[in-house]
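If you want the building blocks of each chain, they are given just below.
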Amino acid sequence: MPLRLLKYGLSRRYPVRGDLPPTPDLRPAYDVVIVGGGGHGLACAYYLSRYHGIRSVAVLEKGWLAGGNTARNTTTIRSNYITPEGIAFYREGVQLFEEMSRELDFNVMFSQRGQLTLAHSEATLRSFHLRAEMGRHLGTRIEVVDTKGVEALAPLLHMDYGGALEIVGGLWHADGGTARHDAVAWGYASQAARRGVELHQRTEVLAFERVGERIGAVLTNRGRIGCGNVLIACGGMNYPVALKAGVELPIRNFPLQAMVTQPLKPFLHNLVSSVSLHTYLVQTDRGEVVIGGGSDPYQLYSTRSTLDMKEHLAAGAVHLFPFLKSVQLTRQWAGITDMTPDYSPIMGASPVENLWLDCGWGTWGFKATPVAGKRMAETIATGRVPAILKPFALARFGSFRLLNEMGATAASH
Amino acid sequence: MKILTCPMNGPRNIDEFQSFGPMREAPDPEVASDADWARYLFQAENQPGVVVEWWRHVPSNYFFLAERDIVTNRVLRTFDPGEAE
Ligand SMILES: Cc1cc2nc3c(=O)[nH]c(=O)nc-3n(C[C@H](O)[C@H](O)[C@H](O)COP(=O)(O)OP(=O)(O)OC[C@H]3O[C@@H](n4cnc5c(N)ncnc54)[C@H](O)[C@@H]3O)c2cc1C
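Described in the following lines is the structure provided in the data block. Computed from a prediction, not measured in an experiment: that's the story for all the values here.

Criteria and cut-off values
Residues numbered from 1 in each chain as written. Chains lettered and ligands numbered in written order. Predicted model: local features only at pLDDT ≥ 70, side-chain atom pairs only at ≥ 80, totals over all residues. Heavy atoms only, no water. Helix = DSSP H or I, 4+ residues; strand = E, 2+ residues; numbered from the N terminus. Buried < 20%, exposed > 50% of the residue type's maximum accessible area, 1.4 Å probe, protein only. Contact = heavy atoms within 4.5 Å. Areas by Shrake-Rupley, 256 points an atom, 1.4 Å probe, with all protein chains shown as cover. Phe/Tyr/Trp six-rings, centres within 6.5 Å; stacked < 30°, edge-to-face > 60°. Lys NZ or Arg CZ within 6 Å of the ring centre and 35° of its normal. Salt bridge = Lys/Arg side-chain N within 4 Å of Asp/Glu carboxyl O. Pairing = 2+ DSSP bridges. Axes fitted to C-alpha atoms, helices over the stretch in contact; angles between N-to-C directions. Core = buried A, V, L, I, M, F, W, Y, C linked by side-chain atoms within 4.5 Å. Domains from an automatic or database assignment. Disulfide = S-S within 2.5 Å. Near = heavy atom within 4 Å. Polar contact = N/O pair within 3.5 Å; in protein donor to acceptor, adjacent residues only side chain to side chain.

### A look at the overall build of chain B
Inference 1: A count of helical and extended segments in chain B gives 1 helix and 6 strands.
Inference 2: Along chain B, helices (α) and strands (β) appear in the sequence β-β-β-α-β-β-β when read from the amino end.
Inference 3: Taking the principal axes of its C-alpha atoms as reference, chain B extends roughly 45 × 30 × 25 Å.
Inference 4: Expressed as a percentage of the 85 residues in chain B, the buried residues total 38%.
Inference 5: Within chain B, contacts between residues separated by at least 24 positions form 38% of all contacts whose residues are at least 6 apart in sequence.
Inference 6: As displayed, chain B offers around 5,000 Å² of accessible surface, 50% of which is attributable to carbon and sulfur atoms.

See the structure below:
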């Protein structure tokens, strides 16, 4: 309809209202104050406003929305973990991604293309059998495949038969996939804003005012605000922010780096990761190959990238797909990740009555954005931690009930 | 390349070292409570600023301490555990 288009183009209402409203003035108090405007904080705000009728919500973000780890991650979505508690939780996360574009009326480009994890040794293959059995038992799509199966899934993969890094099999997880990270955050943000949630960018939480067993107020660079409940969802800053509220988390910070190549014609139709090489690859819709790996080898609050990691990731990628050797890198970056001792998150109550935690997301939290948001909203709205979150309580460390996901996390997040 | 100065082997590429994380005070097993043990096992210094941490020079299997700023990544000093005050 060229005429309609012309009319629209010339109308005063053009351009249309943006998805996100500008930062308003702070009100004196909110029912819920969410510290951290990454995917997790925004998702929680959305679920509070849409499903629990709680609309007096402020999301406080010290920089720009979703500019933390949400902006830096490599968007692996999967549920092939190893503990029953972990699998059940991440399975719900994957299910929410399957529905997300419709739920948010926003295309998050969820692409459920499956994840293939490679074994280069019998020992790794044995651990894959365990993960496959656990996953199948809990209703996820996961199976061990032999070398023929690996070849069929990734025909261009260098199998290294007879070599030191010979591929002996793989773990195929058909539920795995990716989504567009900023679309996820923007979808939650715009839907939450439409329901009255206030998004305060450039608003940094500097301190908390304790009143007995509660947080009485949140002090920011833009003023003091009263709060009913407070959620901490600060990604790499969870440890220092929680400490301001008097809560010491079992978290250490490590950088995690990734990099991306120039666009190539589509050749990689699923997510591929190698446990032994600490390298994983995914090709984006634009054709770029995103390459990620393990965390930096020592504790640091820094988003600098290193030549060491570039070399390491390039070596892994070129080993798996030798023709990548002549491809150019366009970017390398890092995020600060909040690592827990057992590679599982910390969600639920804190020792402070009205302070809730959505922390310890380390290198694996993007896939949990919808489920953590949904379940933390439920927790805050009802004041009770739902069964699915209970195993992830901060208190598990005091009772030595850790949820060890190290083996299922280290190489592919 | 980042250089770490080993008290025994001198300045070396940091690749040759393995980090063992911040030093922690071991609890007295005679009197330690469960909470003390949990703290010792799972809680480590992570405040932005200088931490004292264990490192190992892998080829010589020599353990030593370093004072490092975990924001700027500057190593202020490295020393043999025998020199720790
Ligand atoms: C390189 C890399 C690759 C990754 N790959 C994957 C992957 O493939 N799959 C996966 O599932 N996960 C992955 N992750 C992990 C994932 O990115 C994070 O776990 C997840 O994005 C955490 O989301 P969040 O909303 O909790 O935190 P963030 O997105 O970091 O948001 C926290 C926000 O809090 C704000 N903030 C901090 N301090 C304050 C303050 N004092 N006041 C106000 N605001 C504050 C920050 O500015 C930030 O915007 C990866 C991470 C990195 C770095």
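There is more to say after this.
### As for the packing of aromatic side chains
Inference 1: For the coordinates displayed, the defined rule picks out 22 aromatic pairs over all chains.
Inference 2: Centroid distance Tyr46 of chain A to Tyr47 of chain A: 5.0 Å. Interplanar angle 75°. Geometry classified as edge-to-face. Tyr47 of chain A shares its class with Tyr46 of chain A; the two are buried.
Inference 3: Taken together, a centroid distance of 5.4 Å and an interplanar angle of 55° make the contact between Tyr46 of chain A and Tyr188 of chain A tilted. Of the two residues, Tyr46 of chain A is situated in helix H2 (residues 39-51) and Tyr188 of chain A in helix H7 (residues 181-194); the sequence distance between them amounts to 142 residues. A single burial state applies to Tyr46 of chain A and to Tyr188 of chain A, both of which are buried.
Inference 4: Aromatic ring contacts, followed pair by pair, group Tyr81, Phe89, Tyr90, Trp361 and Phe392 of chain A into a single cluster.
Inference 5: Across the ring face of Tyr81 of chain A, the terminal group of Arg78 of chain A is positioned such that the distance to the ring centre comes to 4.4 Å.
Inference 6: When the ring centre of Phe79 of chain B is taken as origin, the NZ or CZ atom of Arg77 of chain B, which lies over that ring, is 3.9 Å away.

### Concerning the pattern of salt bridges
Residue and element names in this part refer to chain A.
Inference 1: In this structure the tally under the stated criterion is 18 salt bridges over all chains.
Inference 2: The shortest N-O distance in the salt bridge between Arg224 and Glu209 comes to 2.9 Å. Here Arg224, found in strand S9 (residues 223-232), pairs with Glu209, found in strand S7 (residues 205-211); they are 15 residues apart in sequence, far enough to count as distant.
Inference 3: On the accessibility criterion, Arg224 (51% relative accessible area) is exposed.
Inference 4: Overlapping salt bridges, with partners in common, bring together Glu92, Lys374, Arg375 and Glu378 in one network.

### Some words on the sheet that holds strand S4 (residues 143-145) of chain A
All names here are of chain A.
Inference 1: Strand order in this open sheet of 8 strands is S4-S5-S3-S11-S12-S13-S10-S14, and the pairing throughout is mixed. Unpaired on one side and paired on the other, S4 and strand S14 (329-339) mark the two borders of the sheet. Each strand of the sheet is rotated relative to its neighbour by a mean of 20°, with strand direction disregarded.
Inference 2: Inspection of the sheet shows strand S12 (residues 279-283) paired to strand S13 (residues 289-295) by 5 bridges, in the antiparallel sense. Bridge pairing links Val282 to Val290 in S13.

### Here we look at the nonpolar core
Residue and element names in this part refer to chain A.
Inference 1: One finds Ile34, Leu48, Phe89, Tyr188 and Leu199 to be the most contacted residues of the largest nonpolar core, which totals 59 residues.
Inference 2: Residue assignment for this core shows that the elements contributing at least two residues are strand S1 (29-35), H2, strand S2 (57-60), helix H4 (84-104), H7 and helix H10 (369-382).
Inference 3: Residue contributions to this core peak at 8 residues, all from H4.
Inference 4: Built from parts of two domains, this core gets at least three residues from each of domain 1 (23-79 + 82-106 + 181-251 + 342-399) and domain 2 (115-175 + 253-339).
Inference 5: The residues touching Ile34, leaving out its near neighbours within four places in the chain, are Gly41, Cys44, Ala45, Leu48, Val57, Ala58, Val59, Leu60 and Leu231.
Inference 6: Listed in part, the 34 residues of the second largest apolar core include Tyr30, Val218, Cys227 and Ile251.

### Focus: the state of the cysteines
Residue and element names in this part refer to chain A.
Inference 1: Inspection of the entire model under this criterion finds 0 disulfides over all chains.
Inference 2: Distance from the sulfur of Cys227, which forms no disulfide, to the nearest cysteine sulfur (Cys234) is 14 Å.
Inference 3: Residue classification places Cys227 among the buried positions, given a relative accessible area of 12%.

### A short note on the site of the ligand
All names here are of chain A.
Inference 1: If you check the shell around the ligand, you find 37 residues, and the closest are Glu61, Asn69, Thr70, Thr74 and Lys367.
Inference 2: Measuring from an oxygen atom of the ligand, one finds a side-chain N or O atom of Thr70 at 2.5 Å.
Inference 3: Within the side chain of Lys367, a nitrogen or oxygen atom sits 2.8 Å from an oxygen atom of the ligand.
Inference 4: Burial of the ligand by the protein amounts to 97% of the accessible area it has alone, namely 1,000 Å².
Inference 5: Mapped onto the shell around the ligand, the elements with two or more residues apiece are H2, helix H3 (69-72) and S14.
Inference 6: Element by element, the count of residues in the shell around the ligand is highest for H3, at 3 residues.

### Here's the deal with the side chain of His120 of chain A
Residues and elements named next belong to chain A.
Inference 1: Here His120 shows up in the loop between strand S3 (115-119) and helix H5 (122-137).
Inference 2: You can call His120 buried: its relative accessible area is 9%.
Inference 3: Within the structure, the side chain of His120 is placed 2.8 Å from the backbone oxygen of Leu165, a separation counted as a polar contact.
Inference 4: Engagement of the side chain of His120 in a polar contact is seen with the side chain of Ser274, the distance being 2.8 Å.
Inference 5: The residues touching His120, leaving out its near neighbours within four places in the chain, are Leu165, Glu166, Ile167, Val168, Ser274, Ser276, Leu277 and Leu320.

### A closer look at the sheet that holds strand S3 (residues 17-22) of chain B
Residues and elements named next belong to chain B.
Inference 1: Strand order in the open sheet formed by 4 strands is S3-S4-S5-S6, with antiparallel pairing between adjacent strands. Two strands bound the open sheet, and with one partner strand each, they are S3 and strand S6 (75-79). Averaged over all adjacent pairs, the angle separating strand axes in this sheet is 30°, with direction ignored.
Inference 2: In the sheet, strand S5 (residues 62-69) pairs with S6 via 4 bridges, with the strands oriented antiparallel. Pairing of Arg68 across the sheet is with Val75, part of S6.

Just distances and angles here, no functional claims.
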